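These are the residues of each chain, in order.
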Amino acid sequence: MADILLGILIFVPALLTFFLKSNGAVIFLAVCAGYVASSLAGTDVANLLSNSNFKVRNTDVYLIFLFLPMAFSIFLTALAVTGKPKLIMHTIAAAAAGAVFVLAAAPFINISLHLNLTEAKSWHALSGAQSYLAGGGALYSMILIWFFSKNSSKKHKK
């Protein structure tokens, strides 16, 4: 069960990116930004919300900070990628984003949703590749943005 959920969490962003023709590089960087936001501001936001009428756990806030940037990026960059080769490159970046999301969110999923992803047979391989996924995915995403994005500043010839 845990292996199936792990696969779903990794490949759903990639599949949505492929079918919606979204920008996988932006999705990967959104997961990274969500991780930074959850690390730096998650506790403060959870404390602020707990002082109000909202009763929310820190782990729920961390999951929201991780998930929402990725989800918004998938849907807000829909139809941004044209051409089959670019689409495949962006789908690979989105799969890396899904893997980094799983690595970052696993402890919070365990607490908030009572699903232990670390019991999955494939968890050991995934966690062993954590540094390669994070570093390689960031470099790959930056290369996609630098060299394979549309240049919107070009003037159209009449």
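Model, not experiment: these values are computed from the prediction.

A. How the structure looks around helix α3 (residues 58-76). For α3, spanning 19 residues, the distance from its first C-alpha to its last is 27 Å, which sits close to the expected 27 Å at 1.5 Å a residue. All of the buried residues along α3 are T59, V61, Y62, L63, L66, M70, A71, S73 and I74. On the buried face of α3, the contacting elements are α1 (2-20), α2 (24-50) and α4 (84-113).

B. Highlighting the side chain of S141. Here S141 lies in helix α6 (residues 130-148). You can call S141 buried: its relative accessible area is 0%. Not counting residues up to four positions away in its chain, the partners in contact with S141 are A25, F28, L29 and A93.

C. Fine view of the nonpolar core. Core analysis: the largest hydrophobic core is formed by 27 residues, its most contacted members being L6, F101, V102, W123 and L126. At the level of secondary structure, the elements contributing two or more residues to this core comprise α1, α2, α3, α4 and α5 (123-128). Top contributing element to this core by residue count: α4, with 12 residues. For F101, the residues in contact, after removing those within four places along its chain, are L9, V31, L66, F67 and M70.

D. Local environment of the packing of aromatic side chains. Under the counting rule described, the total for this entry stands at 4 aromatic pairs. Between Y62 and F108, the aromatic rings sit 4.9 Å apart at their centres with planes inclined by 50 degrees, giving tilted as the arrangement. Remark: F108 occurs in helix α4 and Y62 occurs in helix α3; sequence separation between them is 46 residues. Judged by relative accessible area, F108 falls into the buried class, the value being 17%.

Cut-off values and rules
Residues numbered from 1 in each chain as written. Predicted model: local features only at pLDDT ≥ 70, side-chain atom pairs only at ≥ 80, totals over all residues. Heavy atoms only, no water. Helix = DSSP H or I, 4+ residues; strand = E, 2+ residues; numbered from the N terminus. Expected span 1.5 Å × (residues − 1). Buried < 20%, exposed > 50% of the residue type's maximum accessible area, 1.4 Å probe, protein only. Contact = heavy atoms within 4.5 Å. Core = buried A, V, L, I, M, F, W, Y, C linked by side-chain atoms within 4.5 Å. Phe/Tyr/Trp six-rings, centres within 6.5 Å; stacked < 30°, edge-to-face > 60°.

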